[in-house]
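A structural walkthrough
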Amino acid sequence: MDKVNFEVLREQIDSLVGSKCEVYDAIGNDDALIIPSERLMDVVALIDQIFDGAHLTTITAQQRAGQHNLIELMYHFYQKFAFTIIVRLPAEAPSIASILSILPGADFYEREVAEMFGVKFTGRTETPPLLLPDDWDQGPPFIRKEVIDE
Amino acid sequence: MSKISIPIGPQHPLLKEPLSMKIDISGEKVLGGSLRLGYVHRGIERLAQKRNYVQTIHLVERVCGICSHIHTTTFCQAVESLLKLEVPPRAQYLRALMCELERIHSHLLWLGILAKHVGLDTIFMHTWHDRELALDVMEEITGGRVLHGANQIGGVRFDLDESHFPMIYANLEKLRSQISGLLDILENEPALIARTKGVAPVSQKTIRQYGVAGPVARASGVDVDMRRDNPLPPYDQLKFSVVTMPDGDAWARTIVRAEEIRESLNLCEMILEDLPDGEVSKRAPRNVPEGEVIIRSEAPRGELFYYLRSDGTDQPARLKIRTPTLAALCLLPVQMSDIQVADIPVVLAGVDLCVACADR
């Protein structure tokens, strides 16, 4: 585990996914890899296995300028070195597998992304509101770009 | 015996901040629990996208009422990183001085709460009295006890002169003597040992699975500290020990934090001795070039994470804040299972809850 660095990890993820994943090098201080969203569970399971328990710092969701039709989820890990796994989902009906069965600590992060960006996490029973009131019903999700720009 | 669910909060004498818990018990045994956050959600991440960078400093300072300085420091470091702005060394040291004073008063506040929860009111009185010594220093040098307004993009808004040093050294000395006595009591007080030793132990694997960092992780033997592992100046030039304990129980969490106060006092003295001369800030432009950055820093409760993306304007395009309490709160229901009802306050206090931090 001590010898694992981002390059080693990237090779293992590429071999798992079966193709070369795109390296995203625009984030200062973090190496990042864009993976196909349907392989997220496999990749997280691999990270968890390599490090005998993956430390997930958080999940960031966002919509980039000029790409409002996409919601980007960034899974930030820290295992002696920092790296981020990125998946991109259609903003129209964003849905992705929950990683709760591997990392139970992702519960609050998934719930926050669900309520703030309207992402559906499959494979878990429900995503009750984490921060917004139970009866919150004021239009589209709270931090969606189209809501903020109104 | 049948299962009973007890609602606690959101307003409850046990907690100073609003948090709703449902605890399932059977007789004297706790079976588990669940949490509901959001009672102090202020939408800071969303608000930041409608404020300029200068306004956002004041916004993130209000994420937390205890560790407000580390939030502004981390945010300013993120902006400075995008601006490729080198902060004067004196400003870096002054920021770190405030961070360590903040850690001292945060840990003392927490020790007081724990002591009160286990019935040791005298320790509570002493720790909260001693905490004032750190707050007095912060007030003297920045003008604010809780919200310091100390940071700006490019440096800090205060400076130390010769007149400050006698008071700072005197308070640090008093704190050092008080902490020695306090540690002696904590390590030997039978009532505290009986209430905390072996209570709610957490394994290293569970700590990793829940993404927990900071004193809670270090008390379970996880050797992680962002000041050492991912150092931003001046921590790369300062020598300090990372305190860990293998036990993982409420006792270990108490001792780790108490020892960390001593380490922070050493750091404060080191910073004052090595304080470089020169300016304390540089002028920064209002608009931040396009780019994105992640800054991880060590808040009193552990790993603080800021993701900042700029699209070239004077407002953040996305600001994501992950406070250490959020991970620790996620772990709380696990810690709550298989304990005695009387241990609930000890486990709750052991996490060092900061609900405002978690809610943002």
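Before any of the text, the structure's been laid out above.
Let us look at the structure shown here. None of these values were measured; they are calculated from a predicted model.

The next point concerns the overall build of chain B. Each helix and strand in chain B was counted, giving 14 helices and nine strands. Its C-alpha radius of gyration of 20 Å places chain B within 12% of the 21 Å reference for a compact globule of 360 residues. Taken along the three principal axes of its C-alpha coordinates, chain B extends 65 × 45 × 35 Å. Sorting the 360 residues of chain B into buried and exposed places 62% on the buried side. Element-wise, carbon and sulfur atoms account for 51% of the exposed surface of chain B, whose accessible area totals about 12,900 Å². Here chain B holds 41 positive side-chain charges and 46 negative ones, and the gap between their average locations is 8 Å.

The next thing to look at is the interface of chain A and chain B. Interface extent is often summarised as the accessible area lost during association of the parts. Across the boundary between the two partners, chain A contributes 51 residues, which contact 42 residues of chain B. Taking both sides of the interface into account, the surface hidden between chain A and chain B amounts to around 3,600 Å²; carbon and sulfur atoms contribute 51%. For the interface between chain A and chain B, the tally reads seven salt bridges. Between A:Glu112 and B:Arg360 there is a salt bridge, with the nearest N and O atoms lying 2.9 Å from each other. Between chain A and chain B we count 24 residue pairs in polar contact (both at pLDDT 80 or more) in total. Looking at the side of chain A that touches chain B, the elements with two or more residues in it are β2 (27-28), β4 (56-62), β5 (70-78), β6 (82-90), α3 (107-117) and α4 (145-148) of chain A. Residues that form the side of chain A that touches chain B fall into these classes: 29 nonpolar, twelve polar and ten charged. Pairing of β2(A) with strand β6 (residues 291-299) of chain B involves two bridges; the strand directions are parallel. Each residue of the ladder has a partner; that of A:Ile27, found in β6(B), is B:Glu292.

Attention now goes to the packing of helix α5 (residues 121-142) of chain B against helix α6 (residues 165-188) of chain B. Residues and elements named next belong to chain B. In contact at an axis separation of 10 Å, α5 and α6 are set at 160 degrees when each is read in the N-to-C sense. One finds that α5 runs roughly antiparallel with respect to α6. Relative to α6, α5 is oriented so that their crossing is left-handed. Side by side, α5 and α6 meet where Ile123, His126, Thr127, Asp130, Leu133, Ala134, Asp136, Val137, Glu140 and Ile141 of the first sit next to Met167, Ile168, Asn171, Lys174, Leu175, Gln178, Leu182 and Ile185 of the second. Of the residues belonging to the contact of α5 with α6, the class tally is ten nonpolar, four polar and four charged.

Residues and elements named next belong to chain B. What the rule picks out here adds up to 34 salt bridges over all chains. Lysine 320 is paired through a salt bridge with glutamate 45; the nearest N and O atoms lie 3.8 Å apart. You can see lysine 320 sitting in strand β8 (residues 316-322) and its partner glutamate 45 sitting in helix α1 (residues 44-48), a full 275 residues away along the chain. The same class applies to lysine 320 and to glutamate 45, which are both buried. The shortest N-O distance in the salt bridge between lysine 116 and aspartate 121 comes to 3.6 Å. Lysine 116 gets classed as partly exposed once you look at its relative accessible area, which sits at 39%. When its relative accessible area of 35% is taken as the criterion, aspartate 121 is described as partly exposed.

With that out of the way, let us pick up α6(B). Residues and elements named next belong to chain B. Its 24 residues give α6 an end-to-end C-alpha distance of 35 Å, which sits within 8% of 34 Å, the value for a rise of 1.5 Å per residue. Here α6 has its buried residues at Phe165, Ile168, Asn171, Leu172, Leu175, Arg176, Ile179, Leu182, Leu183 and Leu186. Buried positions along α6 lie against α4 (89-117), α5, α7 (190-196) and α11 (250-274).

What follows deals with the packing of helix α2 (residues 53-61) of chain B against helix α3 (residues 68-83) of chain B. Packed helix pairs are characterised by how far apart their axes lie and by the angle those axes make with each other. All names here are of chain B. Their axes nearest at 8 Å, the elements α2 and α3 cross at an angle of 150 degrees. Comparing their axes, α3 and α2 come out roughly antiparallel. By crossing handedness, the relation of α2 to α3 is classed as right-handed. The segment α2 lies against α3, with Tyr53, Thr56, Ile57, Val60 and Glu61 engaging Ser68, His71, Thr72, Phe75, Cys76 and Val79. Looking at side-chain class alone, the contact of α2 with α3 contains six nonpolar, four polar and one charged residues.

Let's shift gears to the packing of aromatic side chains. Inspection of the entire model under this criterion finds eight aromatic pairs over all chains. Where B:Phe124 meets B:Trp128, the ring centres are 5.2 Å apart and the plane angle is 55 degrees; that geometry is what we call tilted. Separated by four residues within a single helix, B:Phe124 and B:Trp128 lie in helix α5, roughly one turn from each other. One aromatic cluster is present, built from ring pairs that chain together A:Phe51, A:Phe77, A:Phe81 and A:Phe83. Sitting above the plane of the B:Phe124 ring, B:Lys116 keeps its charged end 5.3 Å from the centroid. A cation over an aromatic ring shows up here: B:Arg257 above the ring of B:Trp110, its NZ or CZ 4.1 Å from the ring centre.

Rules used throughout
Residues numbered from 1 in each chain as written. Chains lettered and ligands numbered in written order. Predicted model: local features only at pLDDT ≥ 70, side-chain atom pairs only at ≥ 80, totals over all residues. Heavy atoms only, no water. Helix = DSSP H or I, 4+ residues; strand = E, 2+ residues; numbered from the N terminus. Rg over C-alpha atoms; globule rule 2.2 N^0.38 Å. Buried < 20%, exposed > 50% of the residue type's maximum accessible area, 1.4 Å probe, protein only. Areas by Shrake-Rupley, 256 points an atom, 1.4 Å probe, with all protein chains shown as cover. Lys, Arg positive; Asp, Glu negative; His and termini not counted. Charge placed at Lys NZ, Arg CZ, Asp CG, Glu CD. Contact = heavy atoms within 4.5 Å. Buried area = accessible area lost by both parts, 1.4 Å probe. Salt bridge = Lys/Arg side-chain N within 4 Å of Asp/Glu carboxyl O. Polar contact = N/O pair within 3.5 Å; in protein donor to acceptor, adjacent residues only side chain to side chain. Nonpolar A, V, L, I, M, F, W, Y, C, P; charged D, E, K, R; others polar. Pairing = 2+ DSSP bridges. Axes fitted to C-alpha atoms, helices over the stretch in contact; angles between N-to-C directions. Parallel < 35°, antiparallel > 145°, perpendicular 65-115°, else oblique. Left-handed = near helix turned anticlockwise from the far one by under 90°. Expected span 1.5 Å × (residues − 1). Phe/Tyr/Trp six-rings, centres within 6.5 Å; stacked < 30°, edge-to-face > 60°. Lys NZ or Arg CZ within 6 Å of the ring centre and 35° of its normal.

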